[in-house]
Amino acid sequence: MAFWSNWGRSAWREFDSGDASGAVELTKRHQTISLTKQGAASGNLRINLSWQMRTSDFNSKGPSLLRHPLQMFKPQVVQAQGPAMVNVDLDLAVMYELKSGAKGVVQPLGDFFGNLNEAPYVKLSGDDRFGSGMGETIYINLDHKDDIKRLLVFVYIYDGTPAFDRTHGMVTLYPSNGPRVEIALDERAPQARSCAVVMLENVKGEMIVRREVKYVYGFQAELDRLYGWGLQWGRGYKSKV
């Protein structure tokens, strides 16, 4: 039976609805969703980060050319309403902890791209450095959910201006069944370099997705301390484009 036929109106009110194509948004008020209850705790879970490398707050309105036709031959004065442009490279990553006790990270930094069919059952498709329409995507093999204890999906600013609220970041989960799940990264967090976005946790066999959206001013090591992962971190770099 289809997922939607089992979901009553009362259940629908548990989440902030998205657009008509079928999306739910995890918010401060409604933070969790069960992949198991919606029949989506198997197959590949796709997680996508989309963002814009540059945003402009320019107000470039000038005089009407109909009233002042000669203005088209003059250079236009552009007035900025705030910081004009944002250059930023956002990275999508996952800290994993398996039932076996194995822990680690899947991230572009250091080329830790993971493995989908073997531990950690998490795979990063690639590194988007320019805020393209495709963004960055991580796949999680939920056919091995019994091997997974918890997964922390996080985003960090590898390079550029700390400005999460102006990159229009969105992390979207695409389960194998049911609506996609959206988590917006639009809160103001001046100087924050990293954000713990969402936790996937195996709770007595049930795969729970919980919104986190916790900003920190450091990088992976600070997120590690916040969630008690216990990994050893060192300085890393990306290869040049």
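In what follows, the structure referred to is the one given above.
Draft legend 1. The arrangement of the pattern of salt bridges in detail. With the rule as written, the count across this model stands at seven salt bridges. Where Glu 97 meets Arg 150, a salt bridge forms, and the shortest distance between an N and an O atom there is 2.6 Å. Highlighted residues: Glu 97 in strand 7 (residues 88-98) and Arg 150 in strand 12 (residues 148-160), separated in sequence by 53 residues. Under the relative-accessibility criterion, Glu 97 is labelled buried at 8%. The class of Arg 150 is buried, set by a relative accessible area of 13%. With its nearest N and O atoms 2.9 Å apart, the salt bridge here joins Arg 211 to Glu 187. In this pair, Arg 211 is assigned in strand 16 (residues 206-216) and Glu 187 in the loop between strand 14 (180-185) and strand 15 (194-203), connecting sequence segments 24 residues apart. Overall, the relative accessible area of 9% leaves Arg 211 in the buried class. Given a relative accessible area of 23%, Glu 187 falls into the partly exposed group.

Draft legend 2. Expanded view of the environment of Thr 27. Position of Thr 27 among the secondary structure elements: in the loop between strand 2 (23-25) and strand 3 (32-34). Residues Thr 27 and Arg 211, 184 residues apart in the sequence, show an inter-C-alpha distance of 7.1 Å.

Draft legend 3. Region of interest: the side chain of Arg 150. Within polar-contact distance, the side chain of Arg 150 engages the backbone oxygen of Tyr 227 at 3.2 Å. For Arg 150, the side chain forms a polar contact with the main-chain oxygen of Gly 228, separated by 3.4 Å. Not counting residues up to four positions away in its chain, the partners in contact with Arg 150 are Met 95, Tyr 96, Glu 97, Met 199, Leu 200, Glu 201, Tyr 227, Gly 228 and Trp 229.

Draft legend 4. Summary view of the nonpolar core. In this structure, Ile 140, Val 155 and Leu 173 are the most contacted members of the largest nonpolar core, which totals 43 residues. At six residues, the largest contribution of residues to this core is made by strand 7. Among all residues touching Val 155, those that are not within four sequence positions of it are Leu 49, Leu 90, Asp 91, Leu 92, Phe 164, Val 171, Leu 185, Arg 193, Ser 194, Cys 195 and Val 197. Core analysis: the next-biggest nonpolar cluster, separate from the first, contains 14 residues, Met 95, Val 105, Met 199 and Trp 229 among them.

Cut-off values and rules
Residues numbered from 1 in each chain as written. Predicted model: local features only at pLDDT ≥ 70, side-chain atom pairs only at ≥ 80, totals over all residues. Heavy atoms only, no water. Salt bridge = Lys/Arg side-chain N within 4 Å of Asp/Glu carboxyl O. Helix = DSSP H or I, 4+ residues; strand = E, 2+ residues; numbered from the N terminus. Buried < 20%, exposed > 50% of the residue type's maximum accessible area, 1.4 Å probe, protein only. Polar contact = N/O pair within 3.5 Å; in protein donor to acceptor, adjacent residues only side chain to side chain. Contact = heavy atoms within 4.5 Å. Core = buried A, V, L, I, M, F, W, Y, C linked by side-chain atoms within 4.5 Å.

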